[in-house]
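# A closer look at the structure
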Amino acid sequence: ARRGVDCAGFAPDASLYVLRVFTSKQASATDWFLEAFNHALHRRVHLINLAVGGPDYRDTPFVDKVSQLAAAGITIVSGAGNSGPGWGSLMNPADDAAVLGVAGLDK
């Protein structure tokens, strides 16, 4: 926006919740994600953007909670990772059918 001109933006009535699930040394734990997801459910958010991903699709509590969020009508967006393209290269949770996976190309 130009100086002196008000610009409400695309979503002037939106609320943002930033929930930290990593330490400054990039360490995290499943229960930290679960706590953040429960907070999102409690706040009745509409969208969760996860800029994380990993190969551990067997993390049952995490995967189950993502399913619960989607069933509650929350849109979940997650990075697809940097391993593709190719079958099986999507990272969790972007590999979940209920999650909108996003990726970029370098070509």
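Notes on the structure follow. (Residues numbered from 1 in each chain as written. Predicted model: local features only at pLDDT ≥ 70, side-chain atom pairs only at ≥ 80, totals over all residues. Heavy atoms only, no water.)

### Quick notes on the side chain of lysine 65
- Within the secondary structure layout, lysine 65 lies in helix H2 (residues 60-71).
- The contact partners of lysine 65, leaving out residues within four places of it in the chain, are Leu34, Phe37, Asn38 and Leu41. (Helix = DSSP H or I, 4+ residues; strand = E, 2+ residues; numbered from the N terminus. Contact = heavy atoms within 4.5 Å.)

### With respect to the pairing of strand E2 (residues 75-79)
- Across 4 bridges, the pairing between strand E1 (residues 47-50) and E2 is parallel. Residue pairing in the sheet places leucine 47 in a bridge with threonine 75 of E2.
- Looking at chain direction, E2 and strand E3 (residues 99-102) are connected through 4 bridges and run parallel. Note on E3: the bridge partner recorded for valine 77 is leucine 100. (Pairing = 2+ DSSP bridges.)

### Some remarks on the sheet that holds E1
- In space, the 3 strands of this open sheet follow the order E1-E2-E3, with parallel pairing throughout. With one partner strand each, in any of the chains shown, E1 and E3 form the two edges of the open sheet. Between one strand axis and the next, the sheet turns by 20 degrees as a mean value, whatever way the strands run. (Axes fitted to C-alpha atoms, helices over the stretch in contact; angles between N-to-C directions.)

### Digging into the packing of aromatic side chains
- Taken as a whole and judged by the stated rule, the model has 4 aromatic pairs.
- A centroid spacing of 6.1 Å and a plane angle of 50 degrees characterise the contact between phenylalanine 33 and phenylalanine 37, whose relative ring orientation is tilted. Residue phenylalanine 33 and its partner phenylalanine 37 are both found in helix H1 (residues 30-43); the two are separated by 4 residues, about one turn of the helix. With respect to class, phenylalanine 33 is no different from phenylalanine 37; both count as buried.
- With relative accessibility at 3%, the residue phenylalanine 37 sits in the buried group. (Phe/Tyr/Trp six-rings, centres within 6.5 Å; stacked < 30°, edge-to-face > 60°. Buried < 20%, exposed > 50% of the residue type's maximum accessible area, 1.4 Å probe, protein only.)

### Here we look at the nonpolar core
- Judged by nonpolar contacts, the single largest core of 14 residues is most densely connected at Phe37, Ile48 and Ile76.
- It is H1 that provides the largest number of residues to this core, a total of 4 residues. (Core = buried A, V, L, I, M, F, W, Y, C linked by side-chain atoms within 4.5 Å.)

### Focus: unusual backbone geometry
- Phi is positive for glutamine 26, which is not a glycine, with a value near 65 degrees.
- The residue glutamine 26 is located in the segment before H1 in this model.
- One non-glycine residue, arginine 44, adopts positive backbone phi at about 60 degrees.
- In this fold, arginine 44 is placed in the loop between H1 and E1.
- Judged by its relative accessible area of 69%, arginine 44 falls in the exposed class.

### Quick notes on H2
- Relative to the 16 Å expected for 12 residues at 1.5 Å per residue, H2 spans 16 Å between its end C-alpha atoms, a close match to the ideal helical length.
- The complete set of buried residues in H2 reads Phe62, Lys65, Val66 and Leu69. All buried residues of H2 lie within an arc of 105 degrees about the axis, which places them on one face of the element.
- Elements in contact with the buried residues of H2: H1, E1, E2 and E3.
- Positive backbone phi, at 90 degrees, marks glycine 73, one or two positions downstream of H2. (Expected span 1.5 Å × (residues − 1). Arc of directions from axis to C-beta.)

The analysis is restricted to geometry; functional conclusions fall outside its scope.
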